Amino acid sequence: MQTNSKQKIITMAVLVFIVILALAVYVILEMPEDMRLGSGVLSDAEVAIHIIDVGQGDAAFIDNGDKDILIDAGPGDSAPALLEYLDALGVYEIEYAFFSHPHEDHIGGADDIINHYKVENVVMPDYYENTACYRKLMEAVDYEGSDLIYSCSGDKFVIGDITVEILSPGPRYKPEDANGVSLVMKVSYGEVDALFTGDAEVENEEFILRNYPDKLDCEILKVGHHGSSTSSSEEFVYAVSPEVVVISVGEDNTYGHPHVETLALLNSHLDKIYRTDRDGDIVIGITKDKYWIAE
Ligand SMILES: [Zn+2]
Ligand SMILES: [Zn+2]
């Protein structure tokens, strides 16, 4: 009798141990790779660009030491996941939040970002949109006391060792749709340049080709308008001549993004196209003279 209950206890103990071990292995395997600057795959990085999977929308975070930069905040329904991602990076303060244009898939999460973090500066095109997400963004800016800066081509922001140049829209440009006011931003650190295009259209690309032909050559391109064929003209893609392209796009979206024509054009130029719907978050480590995809 006594031996039996002893055996039972030992068996139970072994079972409990196995369960704990299995849980520990599961937790370790499931734990996302540490994507903080200076650790893991980013141990050599001085700056990191995170193009965050927010479904159908855009959100990018540039980890720049104590002068962090956000470009767009994705749609409202992905805001909790976006905050979780930034919290995991240890973000507390954002020096500059750029909102490319006031469409929901770019600013839906903006009020959550501004309410949750200390956002010093908010940069947007000077374009009013009578929508709930636009009003919520403006209320958050007002309530939190962030500096609001309306920007257009020709502006330049020096943020720590990063330079951000605005290439579009032109100062007097009056588009038919908010996509046309998308801030097109050239982000430079040392010799590495990345181009963020919002939902800028072919007409905006033509403006940049005419006005800033020497500024277009960039290693990294966030493809315009989720890979829509209303962006990414052949002339523009060739002028940028990117080595890495990223499409921020939601799986099975109703717009059919990315469009086959855009994929064909990018594929004629590059072997690999990074897509948030297939690859999830895309993280790029950067030093003054090199960059790498952190995988
Ligand atoms: Zn969009
Ligand atoms: Zn848009």
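Conventions used here
- Residues numbered from 1 in each chain as written.
- Chains lettered and ligands numbered in written order.
- Predicted model: local features only at pLDDT ≥ 70, side-chain atom pairs only at ≥ 80, totals over all residues.
- Heavy atoms only, no water.
- Phe/Tyr/Trp six-rings, centres within 6.5 Å; stacked < 30°, edge-to-face > 60°.
- Buried < 20%, exposed > 50% of the residue type's maximum accessible area, 1.4 Å probe, protein only.
- Helix = DSSP H or I, 4+ residues; strand = E, 2+ residues; numbered from the N terminus.
- Pairing = 2+ DSSP bridges.
- Axes fitted to C-alpha atoms, helices over the stretch in contact; angles between N-to-C directions.
- pLDDT = per-residue confidence, 0-100.
- Contact = heavy atoms within 4.5 Å.
- Salt bridge = Lys/Arg side-chain N within 4 Å of Asp/Glu carboxyl O.
- Donors = N, O, S within 2.8 Å, 3.2 Å for Na, K, Ca; no water.
- Tetrahedral: all angles 85-135°; square planar, octahedral: opposite > 155°, others 65-115°.

Draft legend 1. The packing of aromatic side chains, seen in detail. Considering all chains together, one arrives at 4 aromatic pairs under this definition. Ring geometry for Tyr96 versus Phe98: centroids 5.8 Å apart, planes at 20°, classification stacked. On the basis of relative accessibility, which here comes to 0%, the residue Phe98 falls in the buried class. Plain terms: the ring middles of Tyr96 and Phe157 are 5.6 Å apart, the flat faces sit at 65° to each other, and that makes the pair edge-to-face. With Tyr96 in strand β4 (residues 93-98) and Phe157 in strand β7 (residues 156-159), this residue pair connects regions lying 61 residues apart in the sequence. On the accessibility criterion, Tyr96 (14% relative accessible area) is buried. You can call Phe157 buried: its relative accessible area is 8%.

Draft legend 2. Main features of the sheet that holds strand β15 (residues 291-293). Read from one edge of the open sheet, 8 strands run β6-β5-β4-β3-β2-β1-β14-β15, paired in mixed fashion. In this open sheet, the two edge strands, each paired with only one partner strand, are β6 (147-150) and β15. On average, adjacent strands in this sheet sit at an angle of 20° to one another, irrespective of strand direction. In terms of strand pairing, strand β1 (residues 47-51) meets strand β2 (residues 59-63) through 4 bridges, oriented antiparallel. Looking at the pairing, Ile51 lines up with Ala60 of β2.

Draft legend 3. Expanded view of the confidence of the model for the protein chain. Of all residues in the protein chain, 95% attain a pLDDT of 70 or more, and the chain-wide mean is 93. The low-confidence segment residues 27-31 (pLDDT under 50) makes 0 contacts with residues lying over four places distant or belonging to another chain.

Draft legend 4. Molecular detail of the pattern of salt bridges. One pass over the full model with this rule turns up 7 salt bridges. We note a salt bridge from Arg36 to Asp34, for which the minimum N-O separation is 3.0 Å. For Asp34, a relative accessible area of 28% puts it in the partly exposed group. Between Glu120 and Lys118 there is a salt bridge, and its shortest N-O distance comes to 2.8 Å. Using a relative accessible area of 40% as the deciding quantity, one classes Lys118 as partly exposed.

Draft legend 5. Region of the structure containing the coordination of the zinc ion (ligand 1). Every protein donor of the zinc ion (ligand 1) is listed here as Asp105 (OD), His106 (NE2), Asp199 (OD) and His226 (NE2), and their distances to the metal cover 2.1 Å. The site at the zinc ion (ligand 1) holds 4 donor atoms, and with the angles between them running 86 to 147°, its shape is irregular. Within one chain, the residues donating to the zinc ion (ligand 1) are spaced in sequence as D-H-x92-D-x26-H. The distance between the zinc ion (ligand 1) and the zinc ion (ligand 2) comes to 3.6 Å, and Asp199 binds to both of them. Here His106, found in helix α3 (residues 104-107), pairs with His226, found in the loop between β11 (220-222) and α7 (234-240); they are 120 residues apart in sequence, far enough to count as distant. The buried category is assigned to His106, whose relative accessible area is 0%.

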